[in-house]
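A look at the structure
Now for the letters of each chain:
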Amino acid sequence: MSENNNPKVGLFVTCLVDLFRPNVGFSAVELLEAAGCDVDVPRAQTCCGQPAYNSGDKADTKEIAKQVLDAFSDFDFVVAPSGSCAAMIKKHYPEVFEDEPEMQAKFKALSEKTYELVSFLTDVMFITQSPGAFSGSVTYHDSCSGLRELGVKEQPRKLLKNMDGVEIREMNDSEVCCGFGGTFCVKYSDISNAMVSKKTQNIDDTGADMLLAGDMGCLMNMAGKLKRQGSKTQVRHVAEVLAGKLDGKPISGE
Amino acid sequence: MELTSHNLKSNVKDALGNAQLQKALSNVPKGFIDKRAKAAAALDEFEALRDKGREIKDHTLANLDLYLQAYEQKVIENGGHVHWAKTAEDARRIALEICQKHNAKTVTKGKSMITEEVELNEHLLENGIEPVETDLGEYIIQLRNEKPSHIIAPAIHLNQGQIEEDFRRVHTHLEDDRDMSEPETLLAEAREVLRKRYFEADVGFTGANFLVAETGSSVIVTNEGNGDLTQTLGKVHVVMASIEKVVPTLADCSQILRILARSATGQDMSVYTTFSTGPKREKDPDGPDEYHVILLDNGRSDMLGTEFEEMLRCIRCGACINHCPVYHSIGGHAYGSIYPGPMGSVLTPSLAGVEKAGTLPNASTFCGRCESVCPMRIPLPKMMRHWREREFEQHLQPKAARYGLALWAYFAKRPKLYRALVSFAMPALSLLGGTSKRISSLPLASGWTKHRELPAPEGRTFMQAWAQREALKQEAK
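Because the structure is a prediction, the values reported are computed rather than measured. (Residues numbered from 1 in each chain as written. Chains lettered and ligands numbered in written order. Predicted model: local features only at pLDDT ≥ 70, side-chain atom pairs only at ≥ 80, totals over all residues. Heavy atoms only, no water.)

Our focus in this paragraph is the packing of aromatic side chains. Residues and elements named next belong to chain A. Evaluation of the coordinates by the stated rule reveals 16 aromatic pairs over all chains. Ring centres of Tyr 115 and Phe 120 lie 5.6 Å apart, and the angle between their planes is 50°; on these two criteria the pair is classed as tilted. Given the relative accessible area of 0%, Phe 120 is considered buried. Of the aromatic side chains, those joined through ring pairs into one cluster are Phe 12, Phe 72 and Phe 75. (Phe/Tyr/Trp six-rings, centres within 6.5 Å; stacked < 30°, edge-to-face > 60°. Buried < 20%, exposed > 50% of the residue type's maximum accessible area, 1.4 Å probe, protein only.)

Our next topic: the interface of chain B and chain A. On the side of chain A, 69 residues touch chain B, which itself brings 64 residues to the contact. Note on chain B versus chain A: buried area summed over both sides is about 5,900 Å², and carbon and sulfur give 61% of it. Among the residues chain B hides against chain A, the three largest losses belong to B:His451, B:Glu458 and B:Phe462. Together they make up 13% of the total. There are seven salt bridges connecting chain B and chain A. Note that B:Lys413 and A:Glu63 form a salt bridge whose closest N and O atoms lie 3.8 Å from each other. (Contact = heavy atoms within 4.5 Å. Buried area = accessible area lost by both parts, 1.4 Å probe. Salt bridge = Lys/Arg side-chain N within 4 Å of Asp/Glu carboxyl O.)

A word on the domain arrangement of chain B. Here chain B is described as being made up of domain 1 (43-302) and domain 2 (414-476). Using only C-alpha atoms to locate each centre, domain 1 of chain B and domain 2 of chain B end up separated by 58 Å. (Domains from an automatic or database assignment.)

Moving on to the pairing of strand E5 (residues 136-140) of chain A. Residue and element names in this part refer to chain A. When you tally the buried positions in E5, you get five out of five residues, the bulk of the element. A two-sided burial pattern is seen for E5, the buried positions comprising Gly 136, Val 138 and Tyr 140 on one face and Ser 137 and Thr 139 on the other. Bridge count for E5 against strand E6 (residues 166-168) is three bridges, and the pairing is parallel. Bridging from a neighbouring strand, Val 138 pairs with Ile 168 of E6. By the bridge criterion, three bridges tie E5 to strand E7 (residues 210-213) in an arrangement that is parallel. Across the sheet, Val 138 pairs through a bridge with Met 210, a residue of E7. (Helix = DSSP H or I, 4+ residues; strand = E, 2+ residues; numbered from the N terminus. Pairing = 2+ DSSP bridges.)

Residues and elements named next belong to chain B. Reading across from one edge, E1-E10-E7-E4-E2-E3 is the order of the six strands in this open sheet, with parallel pairing throughout. The open sheet is flanked by strand E1 (81-85) and strand E3 (130-133), the only strands paired with a single partner. Each strand of the sheet is rotated relative to its neighbour by a mean of 25°, with strand direction disregarded. For strand E4 (residues 203-206) and strand E7 (residues 236-242), the ladder comprises four bridges, and the chain directions are parallel. Note that in E7 the partner of Thr 206 across the bridge is Val 239. (Axes fitted to C-alpha atoms, helices over the stretch in contact; angles between N-to-C directions.)

Attention now moves to the pattern of salt bridges. Residue and element names in this part refer to chain A. By the definition in use, this model includes 51 salt bridges over all chains. The closest approach of N and O atoms between Arg 169 and Glu 167, which form a salt bridge, is 3.0 Å. With relative accessibility at 29%, the residue Arg 169 sits in the partly exposed group. Judged by its relative accessible area of 40%, Glu 167 is partly exposed.

Turning next to the state of the cysteines. The final tally for this structure, using the stated rule, is zero disulfides over all chains. Looking at the unpaired A:Cys178, the closest cysteine sulfur is the one in A:Cys218, lying at 4.4 Å. With a relative accessible area of 2%, A:Cys178 lands in the buried category. Free cysteine B:Cys320: the closest other cysteine sulfur is in B:Cys370, separated by 6.4 Å. (Disulfide = S-S within 2.5 Å.)

For the rest of this paragraph, the subject is the packing of helix H5 (residues 83-96) of chain A against helix H6 (residues 101-112) of chain A. Residue and element names in this part refer to chain A. The contact between H5 and H6 brings their axes to 8 Å, and the two run at 170°. One element, H5, and the other, H6, form an angle in the roughly antiparallel class. Where H5 crosses over H6, the handedness of that crossing is left-handed. The residues of H6 that touch H5, namely those facing Ile 89, Lys 90, Tyr 93 and Pro 94, are Gln 104, Phe 107, Lys 108, Leu 110, Ser 111 and Glu 112. In terms of residue class, the contact of H5 with H6 is made up of five nonpolar, two polar and three charged. (Parallel < 35°, antiparallel > 145°, perpendicular 65-115°, else oblique. Left-handed = near helix turned anticlockwise from the far one by under 90°. Nonpolar A, V, L, I, M, F, W, Y, C, P; charged D, E, K, R; others polar.)

B:Tyr71, B:Phe205, B:Ile294, B:Met311, B:Tyr339 and B:Met343 are the most contacted members of the largest nonpolar core, which totals 111 residues. With seven residues, helix H6 (residues 88-101) of chain B is the largest single contributor of residues to this core. Apart from the residues within four sequence positions on either side, B:Tyr71 is in contact with B:Leu211, B:Val212, B:Ala213, B:Gly216, B:Ser217, B:Val246, B:Tyr291, B:Val293 and B:Leu295. Counting residues in hydrophobic clusters, the runner-up holds 68 residues, among them A:Phe26, A:Met125, A:Leu211 and A:Met222. (Core = buried A, V, L, I, M, F, W, Y, C linked by side-chain atoms within 4.5 Å.)

Glancing now at helix H3 (residues 27-41) of chain B. Along its 15 residues, H3(B) runs 22 Å from first to last C-alpha, staying within 8% of the 21 Å computed at 1.5 Å per residue. Contact partners of the buried residues in H3(B): helix H2 (19-25), helix H4 (46-62), helix H13 (250-264), helix H14 (319-322), helix H15 (325-330) and helix H19 (369-373) of chain B. (Expected span 1.5 Å × (residues − 1).)

Right under this line is the structure:
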């Protein structure tokens, strides 16, 4: 790592960005670097452990959490392009170790330095302008964990509004769950389908060119449904627009 | 409590395919959500009252034995009777004994979820006593021989046309040209029919929103006034309530009342808030000759001291249900328990066992909207997760899910192995997406692809691409 006063940020890539849309990860790196951070990506990361945690498997959750703790011990900040994964580290890891006070103290320290990407840019780095350029209409879905566990609501809208040429068209019920819910969407696929169908209706009603959100899980769910319905709406992670990295394939495919 | 929660998936299919139900459900969000939000915003101390409510209930639960004994003492001092029912069966038996002692032929009932929980109506009918529901919603579902689909709006799964049909079927005296198209006209008709029944009834049953230890009072909140008539016109008033309804003082009760109706319907207060304290006294103009309280445990004391204790703070406002997108999609009956939605998904396994109701806490996306509106700040998603932990410990989850999870965890805990696997798998999956970059069907992923396309991966993983970027940087130096 370089020897300057820049904050050292460890990027928690998230498994879905790593596997499905690396462009989102590189967009995050670009935004963080533009904000004056030194970014590195620890190799020893896989996933935040939510599939285990939400299936009631505490033992595996703990092992994965410890892996994250070790991998990110040298950084000033841990930043994830996902409200869900960031909330897992920030809110839930300390809960998981309620019965181990010493470990819990370490996870509380990890919690203190962990942020969701966009709120980190605005609330910690005080960024008001993003480096990207985009012209068109967008609608923004508030993903549940980011919204209700981390208070991410105005931050992405603020940055989007400050981009020349971006028009935000708010959808109805932008704060209502899209029906992803991790394993929920395959375990209870019919309920999930009913939920995402209401969501895509609300998205279509805005007539926006592009759907944005801050979480790959929700985005893949909504993109998958929009595509199945034959919608032309492009679906992207908000980081891609903020960074102006729109050359990669959108989550909605072509 | 008859449960069909284990049939959740087929219940869901039926619910999603039921056009009448879906039409009725579309009214749920508009009916409740904005009203609650406005009511909460209009009261500066609303959030502080939520904290206070939690504090009152936590304190009460920590001293539950004490407050229940104090409450019992007061009821007896006021001339009432207290009966302790460990199980639903006990509660039914005690209720029947009271009715039989008074040779009751019909009993009126105010709205009460506890009598639903113990299936009082069925038990009375089996023993030749006719229960008459007096809350409009309960009256309607009684006409239809159904269970409530919501704890405060029992007939919310129905549309006006269906209800009108039921009235015309049962109320044969109705003229064809009588307008029955508005809730008010339905209510007026139900009132007319019910008025007679109040006077015929020998016993009136109500539930309780609160039991006040300080005074021995039972408290009900209603919007129709039916509860008042039920409890004052019969010779005998029987309150059936669960043990966690007790609060220490009238002041505590009034604090919580300020958030109850606001959270439920967005009203500042319900239209009627009625305190009953014992039977008619010498100079009282009206009231029952006898006053009984049946205190139901039915598994609740087993929740004390466990990770589910906080559920006992619930005041049955229904806000979690009103805000639940899963409930909005499937309605209340699909849950297969009289307690639907998030509160039911935590409470039902507590009362009936996780082996019978474990599907319920799984049917949640953990979106957290329920917790965000719960006036008592019950961490509902966290408690649903605790049920999943119990299921996991007892190996109750389906085999495929268990093995799938174990396989995933094996790799997730071994970053090097995980890297090797995904570095090979993702480019392969990407090829499968072809030029359209989407996958319409995939073995083992039918839960996903049944309703949606799967976006194909870009190709290389982020980590592969990052490693290359770093290597190039090193070379440049």
